[in-house]
Protein chains: 2
Amino acid sequence: MDAIFAPRSVAVIGASSDPKRIGGRPVDFLKRHGFAGPIFPINPKSPVVQGLTAYPSISEAPETPDLAVIALPAPLAVKAVEDCAARGVGGAVIFSSGFSEVDSAGAALQARMVDIAREGGMRLVGPNCLGIANVRHNLYATFTPGVETHLPRSGDVSIVSQSGAFGSYCMTLVRMRGLGVNIWATTGNSCDVDFADAVAYCAEDENTRVIMGYLEGATDRDRLIEALELARAKSKPVVMMKVGRSAVGAEAAQSHTASLAGSDAIYDAVFRQYGVYRARSVDEMFDVTYACSGSSSLMNGDRLGLVTVSGGVGVLMADEAEEYGLEVPALPDHAQKKLKEVLPFAGVRNPVDVTAQLVNQIDLLETNMDVLFGDGDIDGAIIFMSTVGLVSDLNEAIRSGLERSREKYPGRPMLFCSLTEPEGRAAYERSGFIVFEEATRAVRAMAALRYFARSFQRLRESDPVPDLPKLSPLPDGMVNEIKAKALLAEAGIGIVRETLAETPDAAAAAADEMGYPVVLKIASPDILHKSDIGGVALNLRSAEEVRSAGARILKLASEKVPDARIEGLVVAEQAAPGLEAILGVAQDPVFGPVVMFGLGGVLVEALEDVSFRVAPFGPAEARRMIDEIRARKLLDDFRGVPKRDIDALAEALARLSAYAAHHGAALESIDVNPLIVGAQGQGAVAADAVIIPAGPEAP
Amino acid sequence: MDAIFAPRSVAVIGASSDPKRIGGRPVDFLKRHGFAGPIFPINPKSPVVQGLTAYPSISEAPETPDLAVIALPAPLAVKAVEDCAARGVGGAVIFSSGFSEVDSAGAALQARMVDIAREGGMRLVGPNCLGIANVRHNLYATFTPGVETHLPRSGDVSIVSQSGAFGSYCMTLVRMRGLGVNIWATTGNSCDVDFADAVAYCAEDENTRVIMGYLEGATDRDRLIEALELARAKSKPVVMMKVGRSAVGAEAAQSHTASLAGSDAIYDAVFRQYGVYRARSVDEMFDVTYACSGSSSLMNGDRLGLVTVSGGVGVLMADEAEEYGLEVPALPDHAQKKLKEVLPFAGVRNPVDVTAQLVNQIDLLETNMDVLFGDGDIDGAIIFMSTVGLVSDLNEAIRSGLERSREKYPGRPMLFCSLTEPEGRAAYERSGFIVFEEATRAVRAMAALRYFARSFQRLRESDPVPDLPKLSPLPDGMVNEIKAKALLAEAGIGIVRETLAETPDAAAAAADEMGYPVVLKIASPDILHKSDIGGVALNLRSAEEVRSAGARILKLASEKVPDARIEGLVVAEQAAPGLEAILGVAQDPVFGPVVMFGLGGVLVEALEDVSFRVAPFGPAEARRMIDEIRARKLLDDFRGVPKRDIDALAEALARLSAYAAHHGAALESIDVNPLIVGAQGQGAVAADAVIIPAGPEAP
């Protein structure tokens, strides 16, 4: 991969003398932007291209280049790859279109090209891509107009984009926003080097501090997750734009890209699970990347301090902080008293409103920061200065005050938020501060610094996937709920006490033995939604009630689903009143078995209040999954109902995920609905379950 | 009010020779920024102030000024108001602090000052404010440093801010964003002219097209609502920042402002009800204001067209559009075919992805717009041009194409979205286009244009509050649920058939007469949460079951609430299975009786999935209230349950609101929980209700 992203020499195959043409641009860029190594234009018709000696073919180049840039029509590009492989070129970036994005013939051509490259030990970027760049090395193996007249400055942000158009847009935007770039890669058809490879390369790259990604769809779950885990292991924030979260967006994406996208909700879950920050706008993507670049610290705790010259904006930031999961703790009384002493008009709770008075006593800012960081023990601060940043003769005093605070309290990020003139802003940035103009954007950026700190911390905490004992094989087809629950019980998931009775009389006898109250349900592998056909009776309190309900259920089942195989009646203990959770497993086309969690019956579905994780995972991850749903507070003391057994619920989710991962693609789906979550210490039991093995066409 | 906002002459009382001092700044600004009328500095010690003839007192000024600016310590300010009133001055802007914001003595001083002004027929702005401005008239009756060196351009945005700091910030920001301003007002302590007055003035002002407001807390419900309705009647968008939506934000706001803020959720409801756009960030506030300013049309339908040179950004915009309630409809087949003919590589569904190819065939943009507006019948379009707006020689061709489309399809807004250089951007703006750099922000601005179009349309639709027949007076104290429901039935709200029985035997007899199944509930004015003490039995099917359940309920009630007055048992028909809604009325300290709506029992509370409106309102407003909750889809065909009777639900909400408004402050609260909403055409009936009259201390 170094041959591609940090080559010592570059050949441009299909090099044009016209610096505006696709084959001319990389020659022009490499030359003009100062690529240090030799550049070999390859052009059978012209001995000189843009002032450089050109060669008729790669085999005639004076030395073997590390990287070849290929700007030729598709069939010729394949030939060029063949020549490069023969010559021992390390890698190629292929601009050419006419491959898998067009039709199956193109896809076949592309597959042949990949075979040739693999055989020759060569890596390929593209085809149908806009190329790559390494700003530090002045390497511009691209034809994007975004680097024609201006270049981004060299820095620590690396960019990986599946889309050339979006990548090109980013290249201009980083420059306009003043971000420093290291590697920039567009992957196009991703025939060999794909999004995951490029992210992994940037994760290993010592000059990259933060990775910005644009993803339309992944194909290889394991390699994507490995790349994300690598970035996390290296403590490198990954900021991701993945479009298509809405129904209409997904449909538009489908028409825009042929890649099988998988469910957007699952991408979202994967990003949470592996600590990727998902940006929902270009602004957010660049804001978060900016905050993570440079030397600023992540935020190592939840406590946010806000200093402001406008009480209203202080409240606005506090609103935003709560929404993004940060605390804005009231300062301790003694700290508030200290602040009142130096600024009698100040709001001292936190947000600390120093009012316009600060302008007359600029040295008080440092005192304020001391109180916030020292007595207030905050983990990060946003200093909102409204228009004060425009006043150039105040900026130096403010900045040096903040610098001293930073020295005294290292490891706690400070974001400066003010309207500024470009030079004022640059001075703060040179001093290592992140500068925002808008208050809520500063808060969201701070929340992202907290997000990554949490994510990197998690990696240091052990959260093993539960070990499962030896499991029975999956059934061949549908089984009744008793068998389904028995299989889950093998994985250590709690189930209700229950038995199968063939007749109403047998059910009554079983209930007598079990003790009342009991639940009676139709037992059939062919009836999934039992209550929809009247196939469930709850809270039966005598043998007589059981017999009468049993007869009714059997009659209804035979009337409403005449073809169903009826195996009898399930007699189950009526679980102690608990909260009903839904646990599910489904197969995602990209990510394989995924686990779903929700609370509260039919409302869950109406509200789409569910969370997902890819299997398998440990109980700590399960708790985060539980914490994501809006109905979360039902698990705490709520309206007199005591706290539920969240440990048992998390354990059940983790065990279900291990079970799903164990069976992998052989499983189509599992529904545990409901899992009755008892009071704390009382466990959680599956009251009903459906397991559907994959059909014969499954792998 | 014209004396304040469009005075012909201004006196500055407490005028200072030092243009940096509070009393010197307005003199400096008025003089330097070209206020056309006479300026009378009032200063007993100096015959000349900043080169102008000064007068020892207002009584000695050569003529009576329309407006006096008062920059004196509090007690002297009161004296100055007295002198102004005596002289017949029309209005005063009072900078002075030391009034109600400090203590009760200050409040008394302020009240006296208001009395003096009222007696003299004079209006007051402030005290403790940063003043006002009228940019068109070069009137700067303010000491904000925001207009010291630079001025905003004159335009159609008016700004009303309760906070001086925020107002000052806005004054700088409008300038930096290039927005044109007409009136700017900070209201400070709002002793006379308050937020509502200033908004109403701007609504009437012919040079104002859009009003930007910053509100911390209202005091007078009726006047605020009148001002908002006036703006709506004049088709002037109101874009509002109201901070304190989070718990911590509300607490911080409480410590920041002494004003009784009322519940943030109610402000939110008021804004929706009266068509105010609530911005959640400064960016959003300015973006929406910008989109509403100038000559661009509102969006008169939901259909959004997206044209883009980046498929990915097209999808991103489609995602955002769905979230903000806009449609991105697929173009009809014949329209897609037309587009394919001119641009074979284009994505043609909508978003229309014209790809970078557009750059080579720039005239195709107009063809595209014709297809979108004509065949596609879209109501507004966003044209995302990525970095193309930076290429100055393309901009003119793009712009003139868009201009021709605008002429052909008037009344349909077009937002141009691209990175631009300042001059390129200015050219689009001069031509009347709104320009955004970020795609999601353009979508949100377009959604705001739709929001206001809907709001203005509503004003033209009749939605009368239901007429109620003559109602019984409210009870003196708590009453049992039967009486509560009887009161609601008077207002035309459906209730279940039910009767009160004193004993279990009487209950069984009543049930026999009513027919089974029945519900049995404890009847007591002292037990609000009946099910919490086991005071409810559902689905009883025989006299025996009724007797046994009745005995159990009476026993539990006497054990668990020994002091409760027990009136017997409610025997009610078991309502046909329906969806459970919660309807409530509460008193808001600012807005009086407000109505709440939610669906789905205890989960409603856990999820805070409720909507509010201030009473009274009509059924159409009730439907919008219903549409706001996340669980809304439970009312449609959902999982085989047929569509619910939404008309009946809306009618019940409107009638409850009329009932609440009728009783006004005499009512503490009403809970209708549940209201059983039957299938379409089957109505909705209250199955339980609590009415709590206000305590004796209520007005």
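As annotated in an unreviewed UniProt entry, chain A is CoA-binding protein from Litorivita pollutaquae. Per UniProt, chain A carries the Sequence similarities (unreviewed entry) text "In the N-terminal section; belongs to the acetate CoA ligase alpha subunit family."

Undergrad: Got a minute to help me understand the interface of chain A and chain B in this structure?
TA: A common way to express how large an interface is: the accessible area buried when the components associate. Contact residues are listed per partner, giving 68 residues for chain A and 69 residues for chain B. Here chain A and chain B share an interface that buries about 5600 Å² over both sides, 61% of which is from carbon and sulfur atoms. On the surface where chain A and chain B come into contact, there are 10 salt bridges. Taking the shortest distance from any N to any O, the salt bridge between Arg-280 of chain B and Glu-323 of chain A comes out at 2.6 Å. On the surface where chain A and chain B come into contact, there are 23 residue pairs in polar contact (both at pLDDT 80 or more). Looking at the side of chain A that touches chain B, the elements with two or more residues in it are α5 (164-177), α8 (247-256), α10 (282-292), α11 (311-323), α16 (439-459) and α20 (602-607) of chain A. Top contributing element to the side of chain A that touches chain B by residue count: α11 of chain A, with 10 residues. Here the residues of the side of chain A that touches chain B are counted per class, giving 31 nonpolar, 16 polar and 21 charged.

Undergrad: I'm lost on the pairing of strand β5 (residues 67-70) of chain B in this one. Help?
TA: A regular strand places its side chains on the two faces of the sheet in alternate fashion. All names here are of chain B. Neither face of β5 is open: one carries Leu-67 and Val-69, the other Ala-68 and Ile-70, and all of them are buried. Two elements, strand β1 (residues 10-13) and β5, share 4 bridges in a ladder whose sense is parallel. Each residue of the ladder has a partner; that of Ile-13, found in β5, is Ile-70. Sheet topology note: the β5/strand β6 (residues 91-94) ladder contains 4 bridges and is parallel. Its bridge partner lying in β6, Ile-70 is registered against Ile-94.

Undergrad: I'm lost on the domain arrangement of chain A in this one. Help?
TA: Residues and elements named next belong to chain A. The domains assigned to chain A are domain 1 (1-131 + 139-144), domain 2 (152-294), domain 3 (304-459), domain 4 (497-573) and domain 5 (579-693). Taken over C-alpha atoms, the centre of domain 1 sits 25 Å from the centre of domain 2. With 25 residues of domain 1 at the contact, the number on the domain 2 side is 18 residues. When the area that domain 1 buries against domain 2 is broken down by residue, the three leading residues are Met-1, Phe-5 and Leu-130, summing to 30%. Taken together, domain 1 and domain 2 are joined by 3 salt bridges. Arg-118 is the salt-bridge partner of Asp-192, the closest N and O atoms lying 3.1 Å from each other.

Undergrad: When you look at the environment of Ala-92 of chain A in this model, what are you seeing that I'm missing?
TA: Residue and element names in this part refer to chain A. By secondary structure assignment, the location of Ala-92 is in strand β6 (residues 91-94). Distance in space between the C-alpha atoms of Ala-92 and Val-69 is 5.6 Å, their sequence separation being 23 residues. The contacts of Ala-92, once residues within four sequence positions are left out, are Ile-4, Leu-67, Ala-68, Ile-70, Met-122, Arg-123, Leu-124 and Val-125.

Undergrad: Explain the sheet that holds strand β23 (residues 568-573) of chain A here, please?
TA: In a beta sheet, neighbouring strands are held together by backbone hydrogen bonds and run either parallel or antiparallel to one another. Residues and elements named next belong to chain A. Taken together, 4 strands build an open sheet; the order of strands is β20-β23-β21-β22 and the sheet is antiparallel. Each edge of the open sheet carries a strand with a single partner, namely β20 (498-501) and β22 (536-540). When the angles between neighbouring strand axes are averaged without regard to direction, this sheet yields 20 degrees. Taken strand by strand, helix α17 (residues 481-490) contacts β20, β21 (518-523) and β23, and its axis lies near 150 degrees from that of β20. Relative to β23, helix α18 (residues 504-514) is tilted by about 15 degrees, and along the sheet it contacts β20, β21 and β23.

Undergrad: Whenever I open this one, the side chain of Asp-197 of chain A confuses me. Can you help?
TA: By secondary structure assignment, the location of Asp-197 of chain A is in helix α6 (residues 195-204). Apart from residues no more than four positions distant in its own chain, Asp-197 of chain A is found in contact with Met-1, Arg-123, Asp-192 and Arg-223 of chain A.

Undergrad: Any chance you could explain the relation of the copies chain A and chain B here in plain terms?
TA: In this structure, two copies of a chain are linked by a rotation about an axis accompanied by a shift along it. Overlaying chain A with chain B gives an RMSD of 0.1 Å, the required rotation being 180 degrees about an axis along which the chain moves by 0.1 Å. Look at the turn and shift together and you get a two-fold axis relating the two. Comparing contact sets, 100% of the residues at the interface of chain A also lie at the interface in chain B, consistent with an isologous, same-surface contact.

Undergrad: Explanation requested: a negative patch on the surface in the structure shown.
TA: A cluster of acidic residues, Glu-544 and Glu-545 of chain A together with Glu-544 and Glu-545 of chain B, forms a negative patch on the protein surface. Secondary structure elements with two or more residues in the negative patch: α19 (543-560) of chain A together with α19 (543-560) of chain B. Position of Glu-544 of chain A relative to the elements: it lies in helix α19. Residue class for Glu-544 of chain A comes out exposed when judged on its relative accessible area of 62%.

Undergrad: Any chance you could explain the sheet that holds strand β10 (residues 153-161) of chain A here in plain terms?
TA: Residue and element names in this part refer to chain A. Spatially, the 7 strands line up as an open sheet ordered β9-β8-β11-β10-β12-β13-β14, and their pairing is mixed. The sheet terminates laterally at β9 (139-142) and β14 (277-279), the two strands that pair on one side only. Neighbour to neighbour, the strand axes of the sheet diverge by 20 degrees on average, direction disregarded. Sheet topology places strand β13 (residues 238-242) next to β14; 3 bridges connect them, and they run parallel. If you follow Met-240 over to β14, its bridge partner there is Arg-278.

Undergrad: How should α5 of chain A be read in this particular structure?
TA: Residues and elements named next belong to chain A. For α5, which comprises 14 residues, the first-to-last C-alpha distance of 20 Å matches the rise-based estimate of 20 Å (1.5 Å per residue) to within 8%. Of all 14 residues in α5, 10 are buried; the element is thus mostly enclosed. For α5, every residue scored as buried is listed here: Gly-164, Phe-166, Gly-167, Ser-168, Tyr-169, Cys-170, Met-171, Thr-172, Leu-173 and Val-174. Where α5 begins, one side-chain oxygen reaches toward the backbone nitrogen of Ala-165, 3.3 Å away; that side chain belongs to Ser-163.

Undergrad: It is not clear to me how the packing of aromatic side chains should be interpreted in this structure. Could you clarify?
TA: Two descriptors summarise a pair of aromatic rings, namely the distance from one centre to the other and the angle between the planes of the rings. Summed over the entire model, instances satisfying the criterion amount to 32 aromatic pairs over all chains. Both rings, one in Phe-166 of chain A and one in Tyr-214 of chain A, keep their centres 4.3 Å apart while their planes meet at 20 degrees; by these two values the pair is stacked. Here Phe-166 of chain A is found in helix α5, whereas its partner Tyr-214 of chain A is found in strand β12 (residues 210-215), with 48 residues between them in sequence. As far as the burial class goes, Phe-166 of chain A and Tyr-214 of chain A line up, both buried. Taken together through their ring pairs, the aromatic side chains of Phe-166, Tyr-169 and Tyr-214 of chain A together with Phe-384 of chain B make up a single cluster. Over the ring of Tyr-428 of chain B we find Arg-399 of chain B; its NZ or CZ atom is 5.6 Å from the centre of that ring. Sitting over the face of the ring of Phe-433 of chain B, Arg-406 of chain B holds its NZ or CZ atom 4.2 Å from the ring centroid.

Undergrad: Where do I start with the packing of helix α6 (residues 195-204) of chain B against helix α7 (residues 221-233) of chain B in this structure?
TA: Each pair of packed helices gets described by two things: the angle between the helix axes and the distance between those axes. All names here are of chain B. Here α6 crosses α7 at 15 degrees, and the two axes come no closer than 8 Å. Relative to α7, the element α6 is oriented roughly parallel. For the pair α6 and α7, the sense of crossing is left-handed. For the pair α6 and α7, contact is made by Phe-195, Ala-196, Asp-197, Val-199, Ala-200, Ala-203 and Glu-204 and by Arg-223, Leu-224, Ala-227, Leu-230 and Ala-231, respectively. Looking at the contact of α6 with α7, its residues break down into 9 nonpolar, no polar and 3 charged.

So, how was this worked out
- Residues numbered from 1 in each chain as written.
- Chains lettered and ligands numbered in written order.
- Predicted model: local features only at pLDDT ≥ 70, side-chain atom pairs only at ≥ 80, totals over all residues.
- Heavy atoms only, no water.
- UniProt positions renumbered as here; feature names shortened; annotations may be inferred.
- Contact = heavy atoms within 4.5 Å.
- Buried area = accessible area lost by both parts, 1.4 Å probe.
- Salt bridge = Lys/Arg side-chain N within 4 Å of Asp/Glu carboxyl O.
- Polar contact = N/O pair within 3.5 Å; in protein donor to acceptor, adjacent residues only side chain to side chain.
- Helix = DSSP H or I, 4+ residues; strand = E, 2+ residues; numbered from the N terminus.
- Nonpolar A, V, L, I, M, F, W, Y, C, P; charged D, E, K, R; others polar.
- Buried < 20%, exposed > 50% of the residue type's maximum accessible area, 1.4 Å probe, protein only.
- Pairing = 2+ DSSP bridges.
- Domains from an automatic or database assignment.
- Axes fitted to C-alpha atoms, helices over the stretch in contact; angles between N-to-C directions.
- Least-squares fit on C-alpha atoms with pLDDT ≥ 70 in both.
- Patch = residues over 30% accessible without salt bridge, like charges linked within 9 Å, V, L, I, M, F, W, Y side chains within 5 Å.
- Areas by Shrake-Rupley, 256 points an atom, 1.4 Å probe, with all protein chains shown as cover.
- Lys, Arg positive; Asp, Glu negative; His and termini not counted.
- Charge placed at Lys NZ, Arg CZ, Asp CG, Glu CD.
- Expected span 1.5 Å × (residues − 1).
- Phe/Tyr/Trp six-rings, centres within 6.5 Å; stacked < 30°, edge-to-face > 60°.
- Lys NZ or Arg CZ within 6 Å of the ring centre and 35° of its normal.
- Parallel < 35°, antiparallel > 145°, perpendicular 65-115°, else oblique.
- Left-handed = near helix turned anticlockwise from the far one by under 90°.

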